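Each chain, written out:
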Amino acid sequence: QVQVVESGGGLVQPGGSLRLFCAASGSIFSINAMAWYRQAPGKQRELVAGISSLRDRTDYADSVKGRFTISRDNAKNTVYLQMNNLKAEDTAVYYCKATVVVAETYRYLEVWGQGTLVTVSS
């Protein structure tokens, strides 16, 4: 069994910063990729940023380029999302997704966390 847990959300003023944390644990042989998604009220879930194990390639939504940075610590099975210059439209529940190879079966599995709320408001 594999679990993903996020933390670091909260209330921040426009222009402020937050750092989100996501840790994967359990029966993991390897982690291929990790990504952050977000879902605002009344909107579909969207990809914010992703990082793969292949040379740590990163991808970002256009709306967050230059403001958000995704990074990972392979030894800790952890991914971070540094969010700077936050805007009201960044308000959403942020979810972490890990694409892992399960130790017992060597099969790919996508695992989602429970989400962490980020509110940008004055």
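These notes cover the structure that comes with them. Bear in mind that the values here come from a model prediction, so they are computed numbers and not experimental data.

Remarks on the pairing of strand β9 (residues 92-102)
- The element β9 is largely enclosed, with a buried count of 10 among its 11 residues.
- Across 10 bridges, strand β4 (residues 28-39) lies against β9 in antiparallel orientation. When the sheet's bridge partners are listed, Arg38 is paired in β9 with Tyr94.
- Relative to strand β11 (residues 116-120), β9 runs antiparallel, the two being bridged by 3 bridges. Bridged to Val93 within β11 is Leu117.
- By the bridge criterion, 5 bridges tie β9 to strand β10 (residues 108-112) in an arrangement that is antiparallel.

With respect to the nonpolar core
- Core analysis: the biggest nonpolar cluster contains 32 residues, and Trp36, Leu81, Met83 and Tyr94 have the highest contact counts within it.
- Within the residue set of this core, elements represented by two or more residues are β1 (2-7), β3 (18-26), β4, β5 (46-52), β7 (68-73), β8 (78-83), β9 and β11.
- Among residues more than four places away in sequence, those in contact with Tyr94 are Glu6, Leu20, Trp36, Tyr37, Arg38, Val48, Phe68, Leu81, Met83, Gly115, Thr116 and Val118.

A closer look at the sheet that holds β1
- The 4 strands are arranged β1-β3-β8-β7 in an open sheet whose pairing can be described as antiparallel. Two strands in the sheet have a free side with no partner beyond their single neighbour: β1 and β7. Adjacent strand axes in the sheet meet at a mean angle of 15 degrees, parallel and antiparallel pairs treated alike.
- In this sheet, β8 lies alongside β3 in antiparallel orientation, the contact comprising 6 bridges. Note that in β8 the partner of Ala23 across the bridge is Thr78.

Definitions and limits used
Residues numbered from 1 in each chain as written. Predicted model: local features only at pLDDT ≥ 70, side-chain atom pairs only at ≥ 80, totals over all residues. Heavy atoms only, no water. Buried < 20%, exposed > 50% of the residue type's maximum accessible area, 1.4 Å probe, protein only. Helix = DSSP H or I, 4+ residues; strand = E, 2+ residues; numbered from the N terminus. Pairing = 2+ DSSP bridges. Core = buried A, V, L, I, M, F, W, Y, C linked by side-chain atoms within 4.5 Å. Contact = heavy atoms within 4.5 Å. Axes fitted to C-alpha atoms, helices over the stretch in contact; angles between N-to-C directions.

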